[in-house]
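# Remarks on the overall topology
Residue-level listing of the chains:
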Amino acid sequence: MTDLTCDVIVVGAGIAGFSAAVRAAETGATVLLIDKSDGALGDGNILMTSGSFRAGGMSPRSDPSELYRFVMSEGIARPDLARAWADNCGRAVDWLANCGVTVAEPAPGRIWLEPESEISLAPVYKKDVGRRVLTKLKARFERFNGRYLNRAEGLALILENGGVRGVVGKKPEGT
């Protein structure tokens, strides 16, 4: 068994995982990102993305009050989560751009990540969007001394004093 020490551990190397890991590393935390896949960038759904980035059918850069009202009109969202989401959508897009991800808004309400990606006939609208986004996030993560460990499956949380203290993971060579 090998023990690895860090301030933050992120499980899953999709866009959410890489974004969380990069942001934590930017704040000065030592970060370990683990993913169960063999791939250098994980192998999740982000690799099949078309690059369309919307927020409840609206532009993520819409006024936060409008986004909040739109989401709450369905009557099923938690107000605190909807407010946090609405307040941060535009900042998230700007942050991705700051990380080197190409962001374009050719028409109001429609944001595209990595719009210069090749057009594909099937199974996705654009090829390599997810790979391009993750490549840029991974490069930024590594610039901030983040550590990425693939072929590492998260098995269980280690709880201590009512909080998460760590993760038990498994690699082909051991726990």
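The structure contained in this document is the topic of the report that follows. Just so we're clear, the structure is a prediction, and the values are computed from it rather than from any experiment. (Residues numbered from 1 in each chain as written. Predicted model: local features only at pLDDT ≥ 70, side-chain atom pairs only at ≥ 80, totals over all residues. Heavy atoms only, no water.)

## Regarding the sheet that holds strand S5 (residues 110–113)
Spatially, S3-S5-S4 is the arrangement adopted by the three strands of the open sheet, whose pairing is antiparallel. Each edge of the sheet is formed by a strand with only one pairing partner; in this case those strands are strand S3 (52–53) and strand S4 (103–107). (Pairing = 2+ DSSP bridges. Helix = DSSP H or I, 4+ residues; strand = E, 2+ residues; numbered from the N terminus.)

## Here we look at the environment of Asp128
Within the element layout of this structure, Asp128 appears in the loop between S5 and helix H4 (129–143). Asp128 gets classed as partly exposed once you look at its relative accessible area, which sits at 32%. Expressed as a C-alpha distance, the spacing of Asp128 and Asn45, which sit 83 residues apart in the sequence, is 12 Å. (Buried < 20%, exposed > 50% of the residue type's maximum accessible area, 1.4 Å probe, protein only.)

## Thoughts on the environment of Gly100
For Gly100, the location among the structural elements is in the loop between helix H3 (79–98) and S4. For Gly100, a relative accessible area of 35% gives the class partly exposed. Distance in space between the C-alpha atoms of Gly100 and Glu114 is 9.8 Å, their sequence separation being 14 residues. Gly100 has contacts with Glu114 and Lys136, leaving out every residue within four places of it along the chain. (Contact = heavy atoms within 4.5 Å.)

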